[in-house]
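# Structure at a glance
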Amino acid sequence: MTARSPGDVAVRLHDASIGYDDVPIVARVDLTVRHGEAIAVLGSNGSGKTTLARGLLGLAPVLGGDVEILGAPVGRLRDPGRIGYVPQRHTVSGAVPATVREVVSVGRLARLGLFRRLRAADRVAVGEAVAAVGLADRMEEPIASLSGGQQRRVLVARALAAQPELLIMDEPTAGVDAASQDALAEVLARVSAAGTTLLVVTHETGPLASVLARAVVVDQGRISYDGPLAGAASGSGEHHCGPVADAGRPGYRLDQPTVTARPVRSLGGGR
Amino acid sequence: MEILEYGFMQRALLASLMVGLVAPAVGIFLVQRRLSLLGDGLGHVALTGVAIGVLTSTAPVGAALVAAVLGAVLIELVRARGRTSGDVALAVLFYGGIAGGVVLLSLAPRGSATNLDAYLFGAITTTSAEDLAVFAAITLAVLAVVGLLGQRLYAVSDDEEYARAVGLPVLALNIVLAALVASTVVLSMRVVGLLLISALMIVPSAVAQLVARSFRQALYLACGIGLVVSVSGTTASYYTGTPSGGTIVLLAIAVFLVVAAAVALREATARRRHRRRGDVHAAHPHEHGPGCGHQAVPHGDHVDYDHDGHLHAPHLTGTGVHYDEHGTDAAPADRPATEGAR
Ligand SMILES: Nc1ncnc2c1ncn2[C@@H]1O[C@H](COP(=O)(O)OP(=O)(O)OP(=O)(O)O)[C@@H](O)[C@H]1O
Ligand SMILES: [Mg+2]
Ligand SMILES: [Zn+2]
Ligand SMILES: [Zn+2]
Ligand SMILES: [Zn+2]
Ligand SMILES: [Zn+2]
């Protein structure tokens, strides 16, 4: 849509505070993400990663400083549909059954303005996004009949279907098995190569480490590290003790079910 | 059909047909949002509108429409501000609307049409030709908006936060939905009455929710059910002499109970069959695993074991691991062994 040079800024926080009920959770943060960058947001539970992401999306109030996203202050983005988002929440909540196709199609809607209907090209994008998360054969099934990890993958597909300029994912791999994590890493490598800016909140970079070059570590609402992923300190402890980012740590990734493996998926579906 | 010989019954049936179709088409979005009581709240507000209409001798239906739409917009603005919870805002509407209506109607000069019962419980046989014209206009408008914006309304009802994050006009869509509800309330006022309006919006959707596999299916199904119970309830009320509103709603609830029972029965049967099949292999000599001598066959997200020509998928239940039969290409009927199936 818009031609951009890779040097342009996709996300800029300047002295920004984000929080709830006038209590800043993320306090006085500076961060600049250029177009086309792929960045991991690490940090321990409760450090403020989700709050930071929600602040960028206009879902948590900016209490001070400036937050700019795709060149406009938060909430003032002119053409919608340029952002894809995977919330941390695990499942889709609606009370009425909906199919995988219906949920993922929502990802396309914002691009279409208020009245335009989904066209053939949109349906192709929806199909590709669902295939990318390995659920092509579940397209017409009600999402409630999928496992927790599969529902998570549907939400990833919804964000991918938008073919956004900026993709913000809050723990996209939580509860997702190793094979699907590998597949996701491949997809992210592809969209990243195509110029999409990635901001991925995660506890375990795992297979995504090959895609995410840069990392910021959030510690008690402040950014305590900003640099190459390989040098990022552990997000799960109080102290910064050595690199976490060695993706292939044995024992973290269980082998995908193969002929010799026991019939167990690596990470449990529900939490 | 002798019932069709009377002009008032023809009009009544036409009105009930429109209401039966429109109420669930709007109500399903409320069910999706778990905001089922919005219709009730706006029904109460509409009563204030009716009273103002009676007092000022303008058309009560028009005044009710204006009041309900204003109430709807107001409540969405309050919800968007986020300070007062939607729940409290609804309660204020509820009580303010009905209290205002009752008090204002009592002030009406003697001799004006102050039949409170007719508005609260419906008076379908008093539907005039002019009423029908207004109803038809509302029906067309509501169906057109649902047809045009249905997918967006679904998106906002399903995951409001996502919709806001990606830049869908959430507030505008919420106001549109609330205005649709307000219009439906006024449309249904004559047929089911202000006190029972919500039932016709919600109950057919609740039935559809039990059996549909997709949102689109649920929408069509709810409209179909609404249409059938509305028209047949009106017909029944003619023969039994019971009020149309209560008859229609009781019929809808009967449908709901029958379908809910049927679904529960089907699930129980499936569970029993499943358990029985488990028993067949209760005496299984070993737990399948690598090197157990049976051929392992990857199947989607798990591994089956070929056991004398049929596939076994380990499956954890409350009583321990048993084996589901998975055909070579059939999708698993339920989830195979996952957490803790050791
Ligand atoms: N809606 C909310 N209202 C008030 N406080 C909140 C809200 N959401 C989060 N918080 C607070 O903000 C802090 C940071 O939460 P946040 O969800 O951003 O952490 P996180 O880094 O994403 O953690 P995790 O790794 O567990 O996802 C927590 O102390 C939490 O209590
Ligand atoms: Mg979080
Ligand atoms: Zn065996
Ligand atoms: Zn089983
Ligand atoms: Zn068997
Ligand atoms: Zn199987």
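Note: the structure precedes this text.
Residues numbered from 1 in each chain as written. Chains lettered and ligands numbered in written order. Predicted model: local features only at pLDDT ≥ 70, side-chain atom pairs only at ≥ 80, totals over all residues. Heavy atoms only, no water.

## Focus: helix 2 (residues 100-109) of chain A
Residues that lie three or four places apart on an α-helix share one face, since the helix turns once every 3.6 residues. Spelled out, the test is: Burial status follows relative accessibility: with a 1.4 Å probe on protein chains alone, a residue under 20% of its type maximum counts as buried, one over 50% as exposed, and anything between as partly exposed. Secondary structure elements follow DSSP: runs of H or I of four or more residues count as helices, runs of E of two or more count as strands, with numbering from the N terminus. Here a residue-residue contact requires only that any non-hydrogen atoms of the pair lie within 4.5 Å.
Summarising burial for helix 2 of chain A: 9 of the 10 residues are buried, a large majority. Within the sequence span of helix 2 of chain A, burial applies to Val 100, Glu 102, Val 103, Val 104, Ser 105, Val 106, Gly 107, Arg 108 and Leu 109 of chain A. Check the buried side of helix 2 of chain A and you find it contacts helix 3 (120-132) and helix 4 (148-161) of chain A together with helix 6 (129-158), helix 7 (160-165) and helix 10 (215-240) of chain B.

## Here's the deal with a nonpolar patch on the surface
As a reminder of what qualifies: Patch criteria: residues need more than 30% relative accessible area and no salt bridge. Like-charged residues are merged within 9 Å; nonpolar side chains of Val, Leu, Ile, Met, Phe, Trp and Tyr are merged within 5 Å. The Shrake-Rupley method, run with a 1.4 Å probe sphere, supplies the accessible areas, and residue values consider only the shown protein chains as cover. A carboxyl oxygen of Asp or Glu within 4 Å of a side-chain nitrogen of Lys or Arg is what we treat as a salt bridge.
Taken together, the side chains of Tyr 20, Val 23 and Ile 25 of chain A present a nonpolar region at the surface, about 230 Å² in accessible area. Residue Tyr 20 of chain A is classed as partly exposed on the basis of its relative accessible area of 32%.

## Some thoughts on the environment of Gly 41 of chain B
Residues and elements named next belong to chain B. For Gly 41, the position within the fold is in helix 2 (residues 38-55). A relative accessible area of 0% means that Gly 41 is categorised as buried. With 30 residues separating them along the chain, Gly 41 and Gly 71 place their C-alpha atoms 8.8 Å apart. Ignoring sequence-local partners within four residues, the contact set of Gly 41 consists of Leu 93 and Phe 94.

## Overview of the pairing of strand 9 (residues 214-219) of chain A
All names here are of chain A. What counts is decided by this rule: We treat two strands as partners when DSSP finds at least two bridges between them.
In terms of burial, strand 9 is a largely internal element, 5 of the 6 residues being buried. Bridging between strand 9 and strand 10 (residues 222-228) involves 6 bridges; their strand directions are antiparallel. Bridging across to strand 10, Asp 219 finds its partner in Arg 222.

## So, the nonpolar core
The line we're drawing: In this text, buried Ala, Val, Leu, Ile, Met, Phe, Trp, Tyr and Cys residues form a nonpolar core when linked through side-chain atoms within 4.5 Å.
Core analysis: the biggest nonpolar cluster contains 164 residues, and Leu 13, Val 104 and Ile 168 of chain A have the highest contact counts within it. In terms of residue count, the dominant contributor to this core is helix 1 (residues 7-33) of chain B (14 residues). Non-local contacts of Leu 13 of chain A, meaning those with residues more than four positions away in its chain, are made with Ile 18, Val 29, Asp 30, Leu 31, Leu 52, Leu 56, Asp 66 and Val 67 of chain A.

## Observations concerning the sheet that holds strand 7 (residues 166-170) of chain A
Residue and element names in this part refer to chain A. Here is the rule we go by: All axes are obtained by fitting lines to C-alpha atoms, using only the stretch in contact for helices, and the reported angles, taken between N-to-C directions, cover 0 to 180 degrees.
Spatially, 6 strands are ordered 6-7-8-3-9-10 in an open sheet, and the strand pairing comes out mixed. In this open sheet, the two edge strands, each paired with only one partner strand, are strand 6 (83-86) and strand 10. The average undirected angle you get between the axes of adjacent strands in this sheet is 15 degrees. Strand direction decides the pairing type here: strand 7 and strand 8 (residues 197-201), joined by 5 bridges, are parallel. In the strand pairing of strand 8, Met 169 is matched with Val 200. Sheet strands in contact with helix 4 are strand 6 and strand 7, and its direction is about 175 degrees off that of strand 6.

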